[in-house]
Number of protein chains: 2
Amino acid sequence: MNPKLEDIARAMGVSTATVSNALSGKGRVSEALKDRIRQEATRLGYVPSVQARALRTGRSGVIGLVLPDIANPLFPALAQSVEAAAQARGLGVLIADSRGTREAQAQALQRLVRQGADGLVVVPRRGTQMPPLGVPVAMIDAASTPGNTICADHRQGGALIVEHLRLRGHRKILIVGQSSASRVQTDRVAGMTEALSGDMTGRVLWLEDAPLPAPYDLLADGFTALAATSDLIALPLLTRLQAAGLRVPRDIAVTGFDNHAFSALVAPGLTTVAQDLPAIAEGALESVLAQLDAHPAPPPRTVPVELLVRGTTTSTNQTDKETCP
Amino acid sequence: MNPKLEDIARAMGVSTATVSNALSGKGRVSEALKDRIRQEATRLGYVPSVQARALRTGRSGVIGLVLPDIANPLFPALAQSVEAAAQARGLGVLIADSRGTREAQAQALQRLVRQGADGLVVVPRRGTQMPPLGVPVAMIDAASTPGNTICADHRQGGALIVEHLRLRGHRKILIVGQSSASRVQTDRVAGMTEALSGDMTGRVLWLEDAPLPAPYDLLADGFTALAATSDLIALPLLTRLQAAGLRVPRDIAVTGFDNHAFSALVAPGLTTVAQDLPAIAEGALESVLAQLDAHPAPPPRTVPVELLVRGTTTSTNQTDKETCP
DNA sequence: CTGTTAGCGCATTCAC
DNA sequence: GTGAATGCGCTAACAG
């Protein structure tokens, strides 16, 4: 059995309360004694019992993280950032997968609070109405989502993409999204269309409504660039164009969104927009912690994004020369 | 405040112990009373305090999951399976990222046990020596890894790939791995080389040692197929070949490993080997739970894999016709 | 069959 | 500054 407060108290001839105070720095204990107690504690290899502490304080030191759709590599990446932020504060992260449906998500939320999470960070499914859970919650979605706590500046990202394409000489671009029911995607598309300058035209295509035209039809229609709302969409586009014998970006340029791990690996590298995941994770956690301390939740925030220019929009066909991968 | 055992005990004029027994089904309580107590419990919306239960029983109902390298989509996918398996047993999953180094991994392990994990599921970094942690551990790596608990049959996967390529008429293949220090990769490569029939030749290339030859040199050397030890390697190969103007699989075939989410999305679809992640997760969890019940750990196990044949090895160039994605 | 009792390990009153 | 006492909510012994 691990040593407990009582063991180290007895070993030093003081009371458990004093040891507790000394280790936590809370109560008033003389500096000298404090030091000696701390030494003895580390000497014995004392490790506080989180369970006892949780029972006593009502805080488990664990926050719950609810993610949708593990197939999108963005979410694991975000999870990593949340875990890092939590771990820097000595907190643990309980994960749950909102497998498929909003009901499953609701159950996942409940489960995490029942399992003792002090607060929740949620990447909500579309159309989520947050039920009252009794613990602080931070939502990471899109600026236009009601109740959103923090998110990347998806509009700005869209604008950066279009601006970049304009500078590269593109005047007619096809904006390709998956679903217009996604706030994130519509925000990105809005950013793109708003940024179209007078001499540019853009058409928006939602893949859930209509398939992508055949590669050569795109060229015939005068499109010189495909701007996808996600790398996960851009990758099939890119490979499909290449499989059809087109050269990217010589024949047509492609851009994505989110800078997934594979985006730097493909040839040519995918031009994309990177979210500042660490900042978003920090912000979400801060919001939860603030609410835990009975502070008001900080106002919703939007985090700047960064354009990453790679081969799918820059013409040098270096792809044949570079070593791989 | 939530109702506690005492509240429902008082409401029914019985003792807390009886309520506890009734709800857990442990002690001997008359069926009639049991039912009435359960009804009252749900009526009051009783939710047991995991913290109190954990303090009392020494079990937190949480297992820790340690993953390396979030950039590899396999690990999030595995995490999802572990979470599903845990959730089916009413357990929670605390995650930790063994960020980069083995020391970080060691700290992550410690942190999880300090945070109260009852047991650990670990996907170890290369060369990991498991320190004694005081809780049951299951390791998911490769059959050849000492101390491994359960894993996919990587050798079989390699064999399936080579056999498939042979049936498709390939006789000279280049096997491409990242690092020969990875047990998983060496097991896969071993499976491949062992499966080479008499009239086949295979060369092994580790990308950490030497770069991939230029695409046209591969053809000149007579290679008709590239067999990668991971989809994450196959994807750059595929796109690089395509960017160089080669047709896959007409000019050269490509295979991967692990069936990452993007592998079905690229064009042509990537032929690959899928691990049975749910089975692996179940097995790992079972091992931990068995050890928790003081049963001996079940013997190491290997889980069959499945070959997924897609466009990168099947010649019809349907990729121009199919809708996308 | 059911109730009483006694902690699990800690943090917090309140006396001294 | 320090210590003794109390209870967080639950379950495992044992006593009835």
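Just so we're clear, the structure is a prediction, and the values are computed from it rather than from any experiment.

1. Here's the deal with the overall build of chain A
Okay, step 1: Counting its regular elements, chain A contains 11 helices and 12 strands.
Okay, step 2: Projecting the C-alpha coordinates of chain A onto the three principal axes gives extents of approximately 85 × 45 × 30 Å.
Okay, step 3: Within chain A, buried positions represent 52% of all 325 residues.
Okay, step 4: Looking at chain A alone, contacts between residues at least 24 apart form 69% of all its contacts between residues at least 6 apart.
Okay, step 5: In the form shown here, chain A has an accessible surface area of approximately 14000 Å², with 50% of it arising from carbon and sulfur atoms.

2. Considering the relation of the copies chain A and chain B
Okay, step 1: Superposing chain A onto chain B takes a rotation of 180° plus a shift of 0.0 Å along the axis, which leaves an RMSD of 0.1 Å. When the rotation and shift are considered jointly, the pair of chain copies conforms to a two-fold rotation axis. In terms of proximity to the rotation axis, the leading residue of chain A is L94 of chain A, whose C-alpha is 2.3 Å off the axis.

3. Considering the protein's contact with DNA strand D
Okay, step 1: Not every one of the 23 residues close to DNA strand D is listed here, only the nearest: T18 and S30 of chain A together with L5, Y46 and R56 of chain B.
Okay, step 2: Backbone sugar and phosphate groups make up 71% of those atoms of DNA strand D lying within 4 Å of the protein.
Okay, step 3: In the model, a phosphate oxygen of DNA strand D is placed 3.1 Å from a nitrogen or oxygen of the S15 of chain A main chain.
Okay, step 4: Between DNA strand D and R56 of chain B, the relevant distance is 2.4 Å, taken from a base oxygen to a side-chain nitrogen or oxygen of the residue.
Okay, step 5: Of all the secondary-structure elements, those providing two or more residues to the surface near DNA strand D are helix 2 (16-24) and helix 4 (50-57) of chain A together with helix 2 (16-24) and helix 4 (50-57) of chain B.

4. Things to note about the environment of P146 of chain B
Residue and element names in this part refer to chain B.
Okay, step 1: For P146, the location among the structural elements is in the loop between strand 4 (137-139) and strand 5 (150-152).
Okay, step 2: On the basis of relative accessibility, which here comes to 62%, the residue P146 falls in the exposed class.
Okay, step 3: As a C-alpha pair, P146 and G269 span 123 residues in sequence and 35 Å in three-dimensional space.
Okay, step 4: Aside from chain neighbours lying at most four places away, what touches P146 is M139 and R183.

5. Overview of helix 10 (residues 231-243) of chain B
Residues and elements named next belong to chain B.
Okay, step 1: Here helix 10 is 13 residues long and its end C-alpha atoms lie 18 Å apart, about the 18 Å a rise of 1.5 Å per residue gives.
Okay, step 2: Along helix 10, 13 of the 13 residues are buried, which leaves the element largely enclosed by surrounding structure.
Okay, step 3: Two or three places before L232, at the start of helix 10, stands the capping residue S230, its side-chain oxygen 2.9 Å from that residue's backbone nitrogen.
Okay, step 4: Positive backbone phi, at 95°, marks G245, one or two positions downstream of helix 10.

6. With respect to the domain arrangement of chain A
Okay, step 1: Under the domain assignment used here, chain A contains domain 1 (5-47), domain 2 (58-150 + 277-301) and domain 3 (154-275 + 306-323).
Okay, step 2: Taken over C-alpha atoms, the centre of domain 1 of chain A sits 61 Å from the centre of domain 3 of chain A.

7. As for the interface of chain A and chain B
Okay, step 1: Across the contact, 55 residues belong to chain A and 55 residues belong to chain B.
Okay, step 2: For the pair chain A and chain B, the summed buried area comes to about 4900 Å², and 62% of that belongs to carbon and sulfur atoms.
Okay, step 3: Summed over the shared surface of chain A and chain B, the number is 4 salt bridges.
Okay, step 4: Two residues, E83 of chain B and R99 of chain A, come together in a salt bridge whose shortest N-O distance is 2.9 Å.
Okay, step 5: Counting every contact that joins chain A to chain B gives 18 residue pairs in polar contact (both at pLDDT 80 or more).
Okay, step 6: Take the side of chain A that touches chain B: its biggest share by element is 8 residues, from helix 10 (residues 231-243) of chain A.

8. Here's the deal with the protein's contact with DNA strand C
Okay, step 1: The environment of DNA strand C is made up of 24 residues, and the closest members are Y46 and R56 of chain A together with R28, S30 and R56 of chain B.
Okay, step 2: The backbone of L5 of chain A places a nitrogen or oxygen atom 2.7 Å from a phosphate oxygen of DNA strand C.
Okay, step 3: Residue Y46 of chain A places a side-chain N or O atom 2.6 Å away from a phosphate oxygen belonging to DNA strand C.
Okay, step 4: Only helix 2 and helix 4 of chain A together with helix 2 and helix 4 of chain B provide two or more residues apiece to the surface near DNA strand C.
Okay, step 5: Of all the elements, helix 4 of chain A adds the most residues to the surface near DNA strand C, at 4 residues.
Okay, step 6: Residues belonging to the surface near DNA strand C are distributed by class as follows: 11 nonpolar, 8 polar and 5 charged.

9. Some words on the packing of aromatic side chains
Okay, step 1: Across all of its chains, the model carries 1 aromatic pair over all chains by this definition.
Okay, step 2: Here K172 of chain A stacks its cationic end above the ring of F223 of chain A, 4.8 Å away from the centre of that ring.

10. Some remarks on the sheet that holds strand 8 (residues 225-228) of chain A
All names here are of chain A.
Okay, step 1: Across the sheet, which stays open at both edges, the 4 strands sit in the order 7-6-8-9 with parallel pairing between neighbours. Both edges of this open sheet fall to strand 7 (201-206) and strand 9 (253-255), since each of them pairs with a single strand only. Sheet twist, expressed as the mean angle between neighbouring strand axes with direction ignored, is 20°.
Okay, step 2: Where strand 8 lies against strand 9, 3 bridges are found, and the strand directions are parallel. In the sheet register, A225 faces strand 9, and the bridge partner there is A253.
Okay, step 3: Strands strand 6 (172-177), strand 8 and strand 9 of the sheet are contacted by helix 7 (residues 154-167), whose axis makes an angle of about 170° with strand 8.

Reading the values: rules and limits
- Note that residues are indexed from 1 along each chain, following the sequence as it is written.
- Working convention: letters from A go to chains and numbers from 1 go to ligands, in the order in which they are written.
- Reporting in this predicted model follows two pLDDT cut-offs: at least 70 for local features of residues, and 80 or more for side-chain atom pairs to be given and counted; totals over whole chains, interfaces and linings ignore these cut-offs and use all residues.
- Only hydrogens and water are set aside; all other atoms, that is, all heavy atoms of the structure, feed into the side-chain values.
- Elements are defined by DSSP. Helices are runs of H or I of four residues or more, strands are runs of E of two residues or more, and each kind is numbered from the N terminus.
- Each residue gets one of three labels from its accessible area relative to the maximum for its type: buried under 20%, exposed over 50%, partly exposed in between, using a 1.4 Å probe on protein chains only.
- Note on contacts: a residue pair qualifies if any of its non-hydrogen atoms lie within 4.5 Å across the two residues.
- We get accessible surface area from the Shrake-Rupley algorithm with a probe of 1.4 Å; when it comes to residues, only the shown protein chains can shield them.
- A least-squares fit on C-alpha atoms brings the copies together, and the residues used are those whose pLDDT is at least 70 in both copies.
- Whether a residue is near a molecule or strand is decided by its heavy atoms; if any one of them lies within 4 Å of it, the residue is near.
- As used in this structure description, the phrase polar contact means that two N or O atoms lie within 3.5 Å; if the pair is within protein, one of them must be able to donate a hydrogen and the other to accept it, and residues adjacent in sequence are counted only when both atoms belong to side chains.
- In a helix, the anticipated span is given by 1.5 Å times the number of residues less one.
- For the purposes of this description, domain bounds are those given by an automatic or database domain assignment.
- Note on definitions: buried area is the accessible-area loss of two parts on being combined, 1.4 Å probe, summed for both.
- Any Lys or Arg side-chain nitrogen found within 4 Å of a carboxyl oxygen on Asp or Glu counts as a salt bridge.
- Residue polarity is assigned by list, with Asp, Glu, Lys and Arg as charged and Ala, Val, Leu, Ile, Met, Phe, Trp, Tyr, Cys and Pro as nonpolar; anything else, Gly included, falls into the polar class.
- Here a pair means two rings of Phe, Tyr or Trp (six-membered ring of Trp) with centres within 6.5 Å. Their orientation is stacked below 30 degrees between planes, edge-to-face above 60, and tilted elsewhere.
- Criterion for a charge above a ring: Arg CZ or Lys NZ at most 6 Å from the ring centre, at most 35 degrees from the ring normal.
- For two strands to be treated as a pair, DSSP must find no fewer than two bridges joining them.
- An axis is simply a line fitted to the C-alpha atoms; with a helix, the fit covers only the stretch in contact. Between two such axes, the angle follows the N-to-C directions and lies from 0 to 180 degrees.

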